[in-house]
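Observations on the three-dimensional arrangement
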2 protein chains.
Amino acid sequence: MDLIFNIDFHSDEALYTQLCNQIIIGIAKETVHEGDCLPSVRQLAEEVGINMHTVNKAYTVLKQEGFVKVDRRRGVIIAVNTDKLRALAETKENLRILLARAACMNISREEIHALIDEIYEEYN
Amino acid sequence: MDLIFNIDFHSDEALYTQLCNQIIIGIAKETVHEGDCLPSVRQLAEEVGINMHTVNKAYTVLKQEGFVKVDRRRGVIIAVNTDKLRALAETKENLRILLARAACMNISREEIHALIDEIYEEYN
DNA sequence: TCTCTGTTATACTCATGTTATAACAGAGAG
DNA sequence: CTCTCTGTTATAACATGAGTATAACAGAGA
């Protein structure tokens, strides 16, 4: 299956951030796999109706964060560069504020665990 | 114990967002409780060395998100307005992208559950 | 050579974050 | 009533970032 991009122009999330997130979710759901090519910047820009530079920014961020790399011959390809210690630290910091909000709203630890399982089911 | 604000002027997070997060974490950790007063906008601005309007924006956001309310006599006080269904939905959506990143970096479901428990321990 | 990659440069518009100065209404204290 | 404290509002200025636009470049494959 191929990646389908769904851009919300009225969202407060930046367009390039939406692209990044959807690609990352695609990797997690195994819609795309290690070594797969992503559309060229011009192609994807045309497809979703945005500027080439916005797509390029998304790819640049994904490259810096270690999700893709550039192959002169094939373009941008999925290549996850695992820095697990750093990823664990970042995940924990992001969870800290997310769980604080949840705790304030009376969401229990058990409800969070349940949500985690539900989402991991989505990722097979 | 009182809230201690730690502002990072070099962060890419907006100053008012940092204030919001630290207050929310303070509520979750029970450093501040329902009914407690927050510093006045001018007081807090002076304390952390930023503009009054930046503090005011943080308070306005917290009010809109249902963490505080304004009492004409006492100022801004902690008052969590629970909209649990909405909170659950938002939490799940935020977890989705966070877990996708984690999954890409080979962080297992069990490791996430462990992180959750570690953080909830911080919140007693 | 032609055409496709990503990349770089420049420039413009627009929204947002932050600061600054100022003023206003409501409420408590003297 | 006056003084002083609240939050709130208005206006203006500036820097930064997001997004677009047009254009050009080097590398690689056909």
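The text that follows walks through the structure, step by step, so that each part is easy to find. (Residues numbered from 1 in each chain as written. Chains lettered and ligands numbered in written order. Predicted model: local features only at pLDDT ≥ 70, side-chain atom pairs only at ≥ 80, totals over all residues. Heavy atoms only, no water.)

Across its full length, chain A carries 5 helices and 2 strands. In sequence order, chain A lays out its α and β elements as α-α-α-β-β-α-α. Taking the principal axes of the C-alpha coordinates as reference, chain A spans close to 50 × 35 × 25 Å. Here chain A holds 124 residues, and the buried ones make up 44% of them. Contacts in chain A between residues far apart in sequence, at least 24 positions, make up 50% of those at least 6 positions apart. For chain A, the exposed surface amounts to about 7200 Å²; the carbon and sulfur share of it is 47%. Distance between charge centroids for chain A: 10 Å, based on 14 positive and 20 negative side chains. (Helix = DSSP H or I, 4+ residues; strand = E, 2+ residues; numbered from the N terminus. Buried < 20%, exposed > 50% of the residue type's maximum accessible area, 1.4 Å probe, protein only. Contact = heavy atoms within 4.5 Å. Areas by Shrake-Rupley, 256 points an atom, 1.4 Å probe, with all protein chains shown as cover. Lys, Arg positive; Asp, Glu negative; His and termini not counted. Charge placed at Lys NZ, Arg CZ, Asp CG, Glu CD.)

In this structure, two copies of a chain are linked by a rotation about an axis accompanied by a shift along it. Once chain A is rotated about the relating axis by 180 degrees and shifted along it by 0.0 Å, it coincides with chain B to within an RMSD of 0.1 Å. Such a combination of rotation and displacement between the chain copies is what one expects of a two-fold axis. Considering only C-alpha atoms, the part of chain A nearest the rotation axis is A:His113, at 3.3 Å. In this assembly the copies share their binding face: 100% of the residues contributing to the interface of chain A also contribute to that of chain B. (Least-squares fit on C-alpha atoms with pLDDT ≥ 70 in both.)

One pass over the structure, following the stated rule, counts 0 disulfides over all chains. Just so you know, A:Cys37 is unpaired, no disulfide at all, and the nearest cysteine sulfur is the one on B:Cys104, 17 Å from it. Assessed through its relative accessible area of 41%, A:Cys37 is described here as partly exposed. The thiol of B:Cys20 is not disulfide-bonded; the next cysteine sulfur, from A:Cys104, is found 12 Å away. (Disulfide = S-S within 2.5 Å.)

Okay, the protein's contact with DNA strand C next. Taken together, the neighbourhood of DNA strand C is formed by 24 residues, with A:His53, A:Lys63, B:Leu15, B:His53 and B:Lys57 sitting nearest. Backbone atoms, meaning sugar plus phosphate, form 66% of the atoms of DNA strand C positioned within 4 Å of the protein. Side-chain polar atom of A:Lys63 to a phosphate oxygen of DNA strand C: 2.6 Å apart, as the coordinates give it. Take A:Arg72: an N or O atom from its side chain is 3.2 Å from a base oxygen of DNA strand C. At the level of elements, helix 2 (41-48), helix 3 (52-64) and strand 2 (75-78) of chain A together with helix 1 (15-28) and helix 3 (52-64) of chain B are the ones that each hand at least two residues to the surface near DNA strand C. (Near = heavy atom within 4 Å. Polar contact = N/O pair within 3.5 Å; in protein donor to acceptor, adjacent residues only side chain to side chain.)

So, about unusual backbone geometry. Residues and elements named next belong to chain B. At Glu30, a position not held by glycine, the phi torsion is positive, near 60 degrees. Along the chain, the position of Glu30 falls in the loop between helix 1 and helix 2 (41-48). Look at Glu30 and you get exposed, because its relative accessible area is 51%. Positive phi, normally seen in glycine, also occurs at Asn106, with a value near 65 degrees. With respect to the element layout, Asn106 can be found in the loop between helix 4 (84-104) and helix 5 (109-122).

Here we come to the protein's contact with DNA strand D. Among the 22 residues in the neighbourhood of DNA strand D, the closest are listed as A:Leu15, A:His53, A:Lys57, A:Arg73 and B:Lys63. Taking the atoms of DNA strand D that fall within 4 Å of the protein, sugar and phosphate contribute 64% of them. In this structure, A:Asn51 approaches DNA strand D through a main-chain N or O atom, which is 3.0 Å from a phosphate oxygen. The side chain of A:Lys57 places a nitrogen or oxygen atom 2.3 Å from a phosphate oxygen of DNA strand D.

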